[in-house]
Amino acid sequence: MTDRNFHPSRRAVMAGGAAFAGAFLAPRGLRAQGKDTLRFALSSFPANLRPFQHVGTSAGAIKLMIHRGLIGYDAAGKLRGEIAESYRADGERAYVFELRENARFHNGDPVTGEDVNFTIEQIAGAKSTAYLKAAYEIVESVEVKGRSVRIVLKAPSATFPFHLASFNAPIISAKSTDNEAIGCGPYRITGTERGTRIDLAAFDGFYRPGFPKTPKLACIAYADENLRVAALQAGDVDLIEYVPWQSMESIANNSALKLDATDGPFMGLVFNVKQGPFANAKVRQAVAYAVNRADIVKAAFFGRGTPMEGMPVVPNSPFYDAARESHWKQDIAKAKQLLAEAGLPNGFQTTLLSSAQYGMHKDTAEIVQQSLAAVGIQVTLQLPDYATRLQMGNRGQYEFAVVGYALDYEDPDAMSSFLAGSTASYQRSFGFENKAITELLAKGRGELDPAARKRIYDDLMRLALEEAPMVGLAWRSQGYAFRREVEGFRSLPGSLSFYSPVTLAETAIR
Amino acid sequence: MTGVWLAHRILVAFFLAWIVATIVFLALHMVPGDPAELLLSTGGVSPDPAAVAELREKLGLDQPVLLQYGGFLAGLMRGDFGNSLVDDYPVLHEIGLRLPRTLELILAGTLLAIAIGMPAGVYAALHRGGRFDRAASWITALLLAIPVFVVGTLLVLLFAQTLKIMPAGGFVPLTQDPAQHFKLLALPAVAIAKGLAAVLFRMTRAAMLDALANDYVRTARAKGLAPTRVLVVHVLRNALNPVVTVLGLQMGALLGGTVLVEYVFNWPGLSTPLLRAVEARDYPMVVGIVLTISVLFLLINLVVELLHAALDPRIGAR
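By convention here, each chain's residues receive numbers from 1 onward along its written sequence. Starting at A for chains and at 1 for ligands, labels are handed out in the order in which the entities are written. Note on the predicted model: pLDDT of at least 70 is required for a residue's local features to be given, and 80 or more for side-chain atom pairs to be given and counted; whole-chain, interface and lining totals, by contrast, use all residues.

**Let's talk about the pairing of strand E16 (residues 400–405) of chain A**
Residue and element names in this part refer to chain A.
- Counting other C-beta atoms within 10 Å of a residue's C-beta gives its exposure: the residue is buried at 20 or more, exposed at 12 or fewer, and partly exposed in between, where C-beta atoms are placed from the backbone. Strands here are runs of E lasting at least two residues and helices are runs of H or I lasting at least four, both read from the DSSP assignment and numbered beginning at the N terminus. Of all six residues in E16, five are buried; the element is thus mostly enclosed.
- Relative to E16, strand E14 (residues 348–353) runs parallel, the two sharing two bridges. By the bridge assignment, Leu 353 is partnered in E16 with Ala 401. Whether two strands pair depends on DSSP finding at least two bridges between them.

Here's what the structure looks like:
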């Protein structure tokens, strides 16, 4: 048959296949990049890199590479001078910063007091949309004398240094424009593939000689958490952020990889206290006693977390109190007793707002639902997409709701986000306002003596447990993973975990 | 006659595109979730109602929906899809950047599917009931049954994580590193191709069997024509018509299928900005991308009809 002439022989097919494979599938070693480029897998591509806006932690990671603030965090999470060589309190209402002589912006200009003044004006200005605008409005004046910068505040503030260290408040050059903020961080951006990757190169004028240790960074967005892990395991990248909880064990057991995780962010419940059963603090307390938090850690975080039975204070904090942090230990009898005292001995029916868009929010809601059934509270879950959930939260269209938190800094003042505020927010119990709590927060913020602050926050947290406007559920582990060859990268403790990319300046590939 | 037919088809395509744009626009505005509020809620800050109102005014969201719809249509007439509500980036630029990548993925997947599915279908039809035919039927059933994201994940597990011979996913522009570009394209293209190859195999096989049973094939053979000529000119050409129809429809379906594949392989096509835009209620971006996909779908259908007309002149004459 003539057409049989068109049929290739099996040998020819195999030879062709082998040639194709040989040419196309280069061995891994040929694909791997050299030691001069560290490939960092981000969990999303930053929406923008405007220095003073908060658009997520991936943007924060890039900002920590291209910018530096007056002060920042070291690998242990302690505040340290960055652009400021040293700083000190000057009386009760002022801080004095001595700028480094060798600090330079990426355009080669020295970092001056005028640039610091310009930065503060940009953040606190009337038309500013900065994330920290409210926190910076406390600044009364900025006095510049040579390399010395004196920032005078309208009132004493123990928390102002935390705001200065935020990745949403870097020092930028006064020559910056709306489209280009000139930073003074260890890296500068050399290329951007929109939606895909950002390439950075070491800035040779960085104030710390010998740093950054790695000449180039390639930050590649991997939105799918499983692919992010696969990319690390396949050797496509050297470091990943947001390690999914289900992969932590396999990474920890992989001799070629290293997992660096810490309990930082946490899950909690907020309530509509304007109307419905949760207007009564006893009902909120009953919920707090009824929830099985160990099950939340198991179901939502694959065991990678810790039950939160009190206020969100980490054990190494000077404000930690072991007895208080186990206040809400599960106690079904006590929960039932509190419901009876609230006039609801047989429980009630209610709706819990969460979101099916994120597994941790949905799983947490399901465990809360199961737990509350044991005390007679019949919960119906409402699981819209996250955008709808936020809107419903901001408008108080819920009875109680699951919330995920990451405090901005390691200080009880950061609890303001869920304890007090002038406008409604999905992060706070709708309609909750407690004058004593608000006053204690203001007092703690204005008190500079550590012992006095401890007393104030002890009172505050005692009151917060009584009122239960936010019921903590579980700390969740926040992790980075990297190849064994990567040295110097550290996960910062607690809620500062998202500041870990600051250690990239000290990171090298062996 | 053909000119009138073509003009009619194009008009219908425009009308359908307008219907799609209107439905997407109105549906988005009916779904809860305010873009201004979402934008200002980033980072957990409490959005000040005054700031939300100001932003809504700036973005034109304070106007009645019908007025917004009018502005949207006027923009479309000018070829302007507007700017993203999130970062003010022009929607057309975003589509211009992403669409070629999605099309490249679809094209690669389709070519792969044609290269595998059609010859295999022809071979199976010529050797009906043989070992290859039976084995291929089983394999295609399996390929059609497994969801595309499962295949994608398995490919990553096998080639990237276990054998470590392929990258897990990502994208490098062709101009920057051609070899790496095609390497990154390979696995998603295979994932896209698997379903289409199975469908093409089955359609080609069935159409070939139908065509082979026709009297004219027997006549052609009886005339003493070479078997290859009988196969190519008399059987394959007549068998191609239904195959091309299915190919066109499936290519349209691939536009939807790429959403999952692009996500699984981190291929930065149209799906990522579409998902992000829906989450952020970025109206112009969602409408722009959905409209683009719809127009592409309509275009593919138009091309299929034109191909039909070329393969079967009776269609154009009707």
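There is more to say after this.
**Topic: the domain arrangement of chain B**
All names here are of chain B.
- We note that the domain assignment places domain 1 (3–77) and domain 2 (93–313) within chain B.
- Segment limits for the domains were obtained from an automatic or database-derived domain assignment. The C-alpha-based centres of domain 1 and domain 2 are spaced at 33 Å.
- Listed as interface residues are 13 residues of domain 1 and, on the opposing side, 13 residues of domain 2.
- At the level of elements, helix H1 (2–30) and helix H2 (35–40) are the ones that each hand at least two residues to the side of domain 1 that touches domain 2.
- Side-chain classes follow a simple rule in which Ala, Val, Leu, Ile, Met, Phe, Trp, Tyr, Cys and Pro form the nonpolar group, Asp, Glu, Lys and Arg form the charged group, and the remainder, Gly included, forms the polar group. In terms of residue class, the side of domain 1 that touches domain 2 is built from ten nonpolar, one polar and two charged. A residue pair is marked as a contact if its C-beta atoms, positioned from the backbone, fall within 7 Å.

**Description of the sheet that holds strand E4 (residues 84–90) of chain A**
All names here are of chain A.
- Taken in spatial order, the four strands line up as E4-E5-E7-E6 in an open sheet, and their pairing is antiparallel. Either end of the sheet is taken by a strand with one partner, and the two such strands are E4 and strand E6 (139–145). On average, each strand axis in the sheet is tilted by 15° relative to the strand beside it, whichever way the strands run.
- For strand E5 (residues 94–99) and strand E7 (residues 148–153), the ladder comprises five bridges, and the chain directions are antiparallel. By the bridge assignment, Val 96 is partnered in E7 with Arg 150.
- The strands touched by helix H4 (residues 113–124) are E5, E6 and E7; relative to E6, the strand with the most contacts, the crossing angle is about 165°. Lines fitted to the C-alpha atoms define the axes, with helices restricted to the stretch that makes contact. Angles between their N-to-C directions range from 0 to 180 degrees.

**Side note on the interface of chain A and chain B**
- Tallying the contact residues gives 41 residues for chain A and 43 residues for chain B.
- Secondary structure elements with two or more residues in the side of chain A that touches chain B: helix H2 (28–31), helix H7 (225–234) and helix H13 (386–394) of chain A.
- At six residues, the largest contribution of residues to the side of chain A that touches chain B is made by H13(A).
- Class assignment for the residues of the side of chain A that touches chain B results in 18 nonpolar, 16 polar and seven charged.

**Focus on the packing of helix H10 (residues 293–301) of chain A against helix H12 (residues 359–373) of chain A**
Residues and elements named next belong to chain A.
- For the pair H10 and H12, the least separation of the axes is 9 Å and the interaxial angle reads 145°. Handedness of the crossing formed by H10 with H12: right-handed. Packed against H10, whose contacting residues are Asp 295, Ile 296, Ala 299, Ala 300 and Phe 301, the element H12 presents Met 360, Asp 363, Thr 364 and Ile 367 at the interface.
- Tallied by class, the residues present in the contact of H10 with H12 amount to six nonpolar, one polar and two charged. A clockwise turn of the near helix away from the far one marks a right-handed crossing, whereas an anticlockwise turn of less than a right angle marks a left-handed crossing.

**Overview of unusual backbone geometry**
Residues and elements named next belong to chain A.
- That bond from Phe 211 to Pro 212 is cis: its omega, -5°, falls within 30 degrees of zero.
- For Pro 212, the position within the fold is in the loop between strand E9 (197–202) and strand E10 (216–221).
- Residues other than glycine seldom take positive phi values, yet Phe 302 does so here, at roughly 50°.
- Residue placement: Phe 302 occurs in the loop between H10 and strand E13 (305–307).
- Overall, Phe 302 belongs to the partly exposed group, with 16 C-beta atoms counted inside 10 Å.
- Its identity as a non-glycine residue notwithstanding, Ala 468 has a phi of 45°, on the positive side.
- Along the chain, Ala 468 turns up in the loop between helix H16 (450–467) and strand E17 (470–483).

**Concerning the confidence of the model for chain A**
- Predictor confidence is given residue by residue as pLDDT, running from a minimum of 0 to a maximum of 100. Within chain A, residue pLDDT values average 91, and 93% of them lie at 70 or more.
- Predicted confidence is poor over residues 1–32 of chain A, with pLDDT under 50, and the contacts of this stretch with residues over four places away or in other chains come to 17 contacts.

**Re the environment of B:Gln68**
Residue and element names in this part refer to chain B.
- Examined against the element boundaries, Gln 68 turns out to sit in helix H4 (residues 65–77).
- Since 17 C-beta atoms lie within 10 Å of it, Gln 68 is described here as partly exposed.
- As for Gln 68 and His 127, which are separated by 59 residues in sequence, their C-alpha atoms are 61 Å apart.
- Filtering out sequence-adjacent residues up to four positions away, Gln 68 remains in contact with Gly 60 and Gln 63.

**A few points about helix H3 (residues 57–66) of chain A**
All names here are of chain A.
- Counting buried positions over the ten residues of H3 gives ten, a clear majority of the element.
- For H3, the complete set of buried residues consists of Thr 57, Ser 58, Ala 59, Gly 60, Ala 61, Ile 62, Lys 63, Leu 64, Met 65 and Ile 66.
- Looking at the buried residues of H3, the elements they touch are strand E1 (37–42), strand E8 (187–193), E9 and E10.

**A look at the nonpolar core**
- As used here, a nonpolar core is made of buried Ala, Val, Leu, Ile, Met, Phe, Trp, Tyr and Cys residues. They are joined through C-beta atoms within 7 Å. Counting residues in each nonpolar core, the largest one holds 230 residues, and the members touching the most others are A:Ala41, A:Leu239, A:Leu269 and B:Leu200.
- Considering each element in turn, this core owes the most residues, 18 residues, to helix H8 (residues 178–212) of chain B.
- Counting only domains with at least three residues in this core, you end up with domain 1 (3–77) and domain 2 (93–313) of chain B.
- Beyond its immediate stretch of four places on either side in the chain, A:Leu239 contacts A:Leu38, A:Phe40, A:Ala41, A:Tyr480, A:Phe482, A:Val486 and A:Phe489.

**Some remarks on helix H8 (residues 245–252) of chain A**
Residues and elements named next belong to chain A.
- Every buried residue of H8 is accounted for by Trp 245, Ser 247, Met 248 and Ile 251. Along the axis of H8, the buried residues cluster in a sector spanning 140°; they form a single face.
- The secondary structure elements touched by the buried residues of H8 are H7, strand E12 (257–271), H10 and E17. Comment: arc refers to directions from the helix axis out to C-beta atoms.

**What about the pairing of E8(A)?**
Residues and elements named next belong to chain A.
- Here E8 pairs with E9 via six bridges, running antiparallel. Bridge pairing in E9 links Glu 193 to Arg 197.
- Counted between consecutive antiparallel strands, the loop separating E8 from E9 contains three residues, among which Gly 195 sits at a positive phi close to 85°.

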